[in-house]
Amino acid sequence: MSFTFKQFHIDDQQCGMAVSTDAVLLGAWAELTQSSHILDIGAGSGLLSLMAAQRSPHHTSIIAVEIDNAAAKACQFNIKQSPWSETVQLFHGAIQDFQQRHNNNDEPLFDHIICNPPYFEQGTQAKNSARADARHTNTLSFAELQRVISQLLAPQGTASVILPLQSLASFIQQLNAYGLFVAKQLDIISIEGKVANRSILAIQHDPTTAEPQTLTNPVVETQYHQMTIRDKQGRYSETMIDLCRPFYLKL
């Protein structure tokens, strides 16, 4: 199917994962407006890259990395049809290969990394292999994603990811091994009165593991926030409207 936003259009017919509310929330909430060098890991249709381009200054450089052949073609098409064809570049391949090449060439690190990652480490997988890879950690484990982030993220940079509740603890527990921590966490409630089922994380380098150590002891503390998408009558909350108004046509 396809989805038209206020400033760009997404054709996601060949992608393992279609445009989703999760992705839109991630792209709208991530602190991208002051970023000049952005990386989109597992870009799929290119939605997050184009949201980042819309929200960022004109001098921003964005690289979209996508391993799947069909999704990469869709991503390239959507980029070319957008107002930011000169801003967003596609790397067709594995993020591990991109990371190795990028670091070996001593290229600038990214001040923001955004990723709507494979969600599930276990469970029943879709028969469609592209969808299975998009939803499960078949080609990109949590540990490997965190390793790559730690290697590509600038010292003062931020990585933004979205995860379901059932994967959250496992993901967070592994961060320390790569010198990362959760600076902010936004818990998302689908409908008023229910419990949160998604969280967006803002991840940064852990200052307590940075070298060299300073004389002062840095404080590592996560800021927790919460938002509700719809009220009990099915209407968007004011927070949701404010967040997504720059993108959704009917807001």
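Residues numbered from 1 in each chain as written. Predicted model: local features only at pLDDT ≥ 70, side-chain atom pairs only at ≥ 80, totals over all residues. Heavy atoms only, no water.

A short note on the side chain of Thr-87
Going by this rule: Counting from the N terminus, the helices are DSSP H or I runs at least four residues long and the strands are E runs at least two residues long. Working rule for contacts: check all heavy atoms of both residues, and any pair within 4.5 Å makes them a contact.
As for its position among the elements, Thr-87 is in the loop between α3 (69–81) and β5 (88–92). Those residues in contact with Thr-87 that lie beyond four places of it in its chain are Thr-60, Ser-61 and Ile-62.

Remarks on the packing of helix α1 (residues 21–29) against helix α2 (residues 47–55)
Geometry of a packed helix pair, given as the angle between the helix axes and the separation of the axes. Rule in force here: Note on method: axes are straight lines fitted to C-alpha atoms, helices fitted across the in-contact stretch only, with angles between N-to-C directions ranging 0 to 180 degrees. We call two directions roughly parallel when the angle between them is under 35 degrees, roughly antiparallel when it is over 145, roughly perpendicular when it lies between 65 and 115, and oblique otherwise. If you view the pair so one helix is near and one far, a crossing is left-handed when the near helix is turned anticlockwise from the far one by less than a right angle, and right-handed when it is turned clockwise. Residue polarity follows a fixed list, in which Ala, Val, Leu, Ile, Met, Phe, Trp, Tyr, Cys and Pro are nonpolar, Asp, Glu, Lys and Arg are charged, and the others, Gly among them, are polar.
The interhelical angle for the contact between α1 and α2, taken along N-to-C directions, is 30°, at an axis separation of 9 Å. In terms of orientation, α1 and α2 fall into the roughly parallel class. The handedness of the crossing between α1 and α2 is right-handed. From α1, Ala-23, Val-24, Leu-26, Gly-27, Ala-28 and Trp-29 reach across to α2, where they touch Leu-47, Leu-48, Met-51 and Arg-55. Split into classes, the residues belonging to the contact of α1 with α2 amount to 8 nonpolar, 1 polar and 1 charged.

A look at the layout of surface pockets
The criterion, for reference: Buried and open spaces are told apart on a 1 Å grid over the protein atoms alone, a cavity being a set of points where a 1.4 Å probe fits but cannot get out and a pocket being an open set with protein on both sides within 12 Å along at least five of seven lines. Residues with an atom within 4 Å of a point are the lining residues. Grid points are joined across faces, edges and corners, and a volume is the space filled by probe spheres set on the points.
Looking at the second largest pocket, its volume works out to about 250 Å³. Elements represented by at least two residues in the lining of the second largest pocket include exactly β7 (153–164) and β9 (198–205). The element best represented in the lining of the second largest pocket is β7, accounting for 3 residues. Among the residues forming the lining of the second largest pocket, the class breakdown is 4 nonpolar, 6 polar and 1 charged.

Describing the packing of aromatic side chains
For clarity, the cut-off: The rule is short: rings of Phe, Tyr and Trp, with Trp giving its six-membered ring, pair when the centres are within 6.5 Å, and they are stacked under 30 degrees, edge-to-face over 60, tilted in between. Burial classification: accessible surface area is computed with a 1.4 Å probe over protein chains only, and a residue below 20% of its type maximum counts as buried, one above 50% as exposed, and the rest as partly exposed.
By the definition in use, this model includes 9 aromatic pairs. On the numbers, 6.2 Å between centres and 45° between planes, the contact of Phe-3 with Tyr-248 is tilted. Pair noted here: Phe-3 is in strand β1 (residues 2–4) and Tyr-248 is in the segment after α8 (238–244), with a separation of 245 residues, a long-range link. Note on Phe-3: relative accessible area 29%, which makes it partly exposed. Consider the rings of Phe-5 and Phe-8, whose centres lie 4.9 Å apart with planes at 25°: the pair is stacked. Like Phe-8, Phe-5 is buried. Within the aromatic cluster, the residues linked to one another by ring pairs are Phe-3, Phe-5, Phe-8, Trp-84, Tyr-236 and Tyr-248.

Looking at the pattern of salt bridges
Operational definition: Here a salt bridge means any side-chain nitrogen of Lys or Arg lying within 4 Å of a carboxyl oxygen belonging to Asp or Glu.
In the structure shown here, the tally under the stated rule is 5 salt bridges. Between Arg-235 and Asp-231 there is a salt bridge, and its shortest N-O distance comes to 2.9 Å. What makes Arg-235 exposed here is its relative accessible area of 51%. In this structure, Arg-245 and Asp-242 form a salt bridge, with 3.2 Å as the shortest nitrogen-oxygen distance.

Quick look at the nonpolar core
Cut-off, in case you're wondering: Working definition of a nonpolar core: buried Ala, Val, Leu, Ile, Met, Phe, Trp, Tyr and Cys residues. They are joined through side-chain atoms within 4.5 Å.
Grouped together as the largest cluster of nonpolar side chains are 38 residues, with contacts concentrated most on Phe-8 and Leu-25. Counting residues per element, the ones that place at least two in this core are α1, α2, β4 (61–66), α3, β8 (180–191), β9, β10 (223–230) and α8. Not counting the four nearest positions on each side in its chain, Leu-25 is found in contact with Ile-188, Ile-200, Met-227, Ile-229, Met-240, Leu-243 and Cys-244. If you look at the next biggest cluster of nonpolar residues, it comprises 27 residues, including Leu-39, Ile-63, Ile-113 and Leu-140.

Regarding the pairing of β5
Rules: Two strands qualify as a pair provided that DSSP identifies no fewer than 2 bridges between them. Consider the strands pointing away from the viewer: the crossover is right-handed when the path from the first strand over the helix to the second runs clockwise.
When β4 meets β5, the two strands line up parallel, connected through 5 bridges. Each bridged residue has a counterpart across the sheet, and for Ile-62 the counterpart in β5 is Val-88. For the crossover from β4 across α3 to β5, the handedness is right-handed.

What to know about α1
In terms of burial, α1 is largely enclosed, as 8 of its 9 residues are buried. Burial in α1 covers these residues: Asp-22, Ala-23, Val-24, Leu-25, Leu-26, Gly-27, Ala-28 and Trp-29.

Some points on the confidence of the model for the protein chain
Put simply, the rule reads: Along the chain, pLDDT gives the predictor's confidence residue by residue, from 0 to 100.
Averaged over all residues, the pLDDT of the protein chain is 89; the fraction at 70 or higher stands at 88%. Note on residues 123–137: pLDDT is under 50 here. Beyond four places in sequence and across chains, it has 32 contacts.

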